Each structure stands twice: as C-alpha cells, then as structure tokens.
Amino acid sequence: MAPDNRIAICPGTFDPVTNGHLDVITRTSAMYDRVIVAVVNLPWRKGSTVFSTEERVGFLKGATQDLRNVVVEPFSTLLVDFARERDAMAIVKGLRAISDFEYELEMNQLNRRQDPEIESVYLMASAKYSFLSSSGIKELATFGGDIDDLVPAAVATALQERLGR
Ligand code: PNS
C-alpha cells in the first residue's frame, strides 16, 4: 500500500452519531490518509433503529463535512469484507470502559478470524465523552433531557421530534 494511501474504517450503527463518535472519527482522520465511516445497514432488521440508514448516513455526512479525508458509506456485508474491498489497513473503534472491552474483544476475535491481515485499533474515549452512548442519548431525548452538548444540532432536533414526549 502506498504510504500516502493508508485507509482506516470507523464502523458502527450510529443510531444516532454522538459527539463521542465524532471525537474518535476526528482523531482517526489525523492518523490516516483516508477514513471511511462505515454505517451498518441491516434492512431486514427494519425498525430496530430509530433512524433509517439514510438518516444515519446523512447525520454523519453533515457532522464530518469539514474533515477533508473522511467519507461516509453504508455497508451490509461482513465488516472485514467491506474493509478488504475498500483496501483498508485498519478498523478503528473507541473504547469507553471495561464494559466495552468484553464486547470489543469478542468482535476483534471474530473479525481477526475472518481476516487476520486487517488490524483493529482502539482509541480510548476522551474523558468528557466516556459516559456517552447512543442508547443513553435516546433515553435522555425520550424524557426531555438536555442533549445539546452531546450530539450534533441536527441530531438533537431530529431526536426531539422522533422521541420527545
Ligand atoms: O456497536 P455497533 O456500533 O453496533 O458495532 C457495529 C459493528 C459492525 C462495528 C460490530 O458489530 C462489529 O464489529 N461486527 C463484526 C461482525 C460483522 O461484520 N457484522 C456485520 C454487520 S453489517
């Protein structure tokens, strides 16, 4: 791989994207030449996310528009197959707490079994986002909590419209 074409994948469901995800994506974009934010698209699980794939991709595109080396794409294959197709050298994820570690260890071992050549890299969450999760945000939005500093403005508005009581 050319030294100026080191590609990383930042994968996730992003239902919805939070400022914690954006922190990891921004830090990844400073470490690699190109970053592909890969958004899980499972149409057969329709209804299992609050936002459609198109909406989740749209929020991410809006929130990363100033990052010149970042693109956003949906995917509906195995993550390692998507990474290989895009010629990526790494999958980059954020780790918040020990509770993330167990899940990520399992995913890491599944992914490495499929393709040992694609390395997974973990960035420790910035302290100010270490408590932040998409599910927590949805719960706050449902009960009228203040989420303005935790998600992009477009996401806060959409969440209040979709979940607010
Ligand atoms: O925690 P998330 O955001 O739901 O993570 C999604 C993803 C795809 C990063 C995680 O489930 C993973 O690493 N999966 C590996 C197995 C796989 O390739 N699944 C296919 C998803 S379309």
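Analysis parameters
- Residues numbered from 1 in each chain as written.
- Predicted model: local features only at pLDDT ≥ 70, side-chain atom pairs only at ≥ 80, totals over all residues.
- Heavy atoms only, no water.
- Near = heavy atom within 4 Å.
- Polar contact = N/O pair within 3.5 Å; in protein donor to acceptor, adjacent residues only side chain to side chain.
- Areas by Shrake-Rupley, 256 points an atom, 1.4 Å probe, with all protein chains shown as cover.
- Helix = DSSP H or I, 4+ residues; strand = E, 2+ residues; numbered from the N terminus.
- Phe/Tyr/Trp six-rings, centres within 6.5 Å; stacked < 30°, edge-to-face > 60°.
- Buried < 20%, exposed > 50% of the residue type's maximum accessible area, 1.4 Å probe, protein only.
- Pairing = 2+ DSSP bridges.
- Axes fitted to C-alpha atoms, helices over the stretch in contact; angles between N-to-C directions.
- Contact = heavy atoms within 4.5 Å.

**Things to note about the site of the ligand**
Thinking step 1. Around the ligand, the surrounding shell holds 13 residues, and the nearest of these are G12, T13, L79, K93 and Y103.
Thinking step 2. In this structure, T13 approaches the ligand through a side-chain N or O atom, which is 2.6 Å from an oxygen atom.
Thinking step 3. Within the side chain of Y103, an N or O atom sits 3.2 Å from an oxygen atom of the ligand.
Thinking step 4. Summarising the interface, the protein chains cover 75% of the accessible area of the ligand, which totals 540 Å² for the free molecule.
Thinking step 5. Looking at the shell around the ligand, the elements with two or more residues in it are β1 (7–12) and α4 (98–114).

**Section: the packing of aromatic side chains**
Thinking step 1. Using the criterion set out here, one finds 2 aromatic pairs in the structure.
Thinking step 2. Here the aromatic rings of F75 and F82 are separated by 5.2 Å at their centres, their planes lie at 35°, and the arrangement is tilted.
Thinking step 3. On the basis of relative accessible area, F75 is assigned to the buried category, the value being 8%.
Thinking step 4. Taking the relative accessible area as the measure of exposure, F82 reaches 3% and is therefore buried.

**Focus: the sheet that holds β1**
Thinking step 1. If you walk across this open sheet you meet the 5 strands as β3-β2-β1-β4-β5, and the pairing is parallel. Each edge of the sheet is formed by a strand with only one pairing partner; in this case those strands are β3 (70–75) and β5 (119–124). Shown here is a sheet whose adjacent strand axes are inclined to one another by a mean of 30°, direction ignored.
Thinking step 2. Strands in contact with helix α1 (residues 19–29) are β1, β2 (34–40), β3, β4 (90–95) and β5; relative to β5, the strand with the most contacts, it is inclined by about 120°.

**Looking at unusual backbone geometry**
Thinking step 1. Cis peptide bonds are those with omega within 30 degrees of zero, and the linkage from D15 to P16 qualifies with 0°.
Thinking step 2. Its place among the elements puts P16 in the loop between β1 and α1.
Thinking step 3. Positive phi is not limited to glycine here, since F14 has a value of about 55°.
Thinking step 4. Of note, F14 is situated in the loop between β1 and α1.

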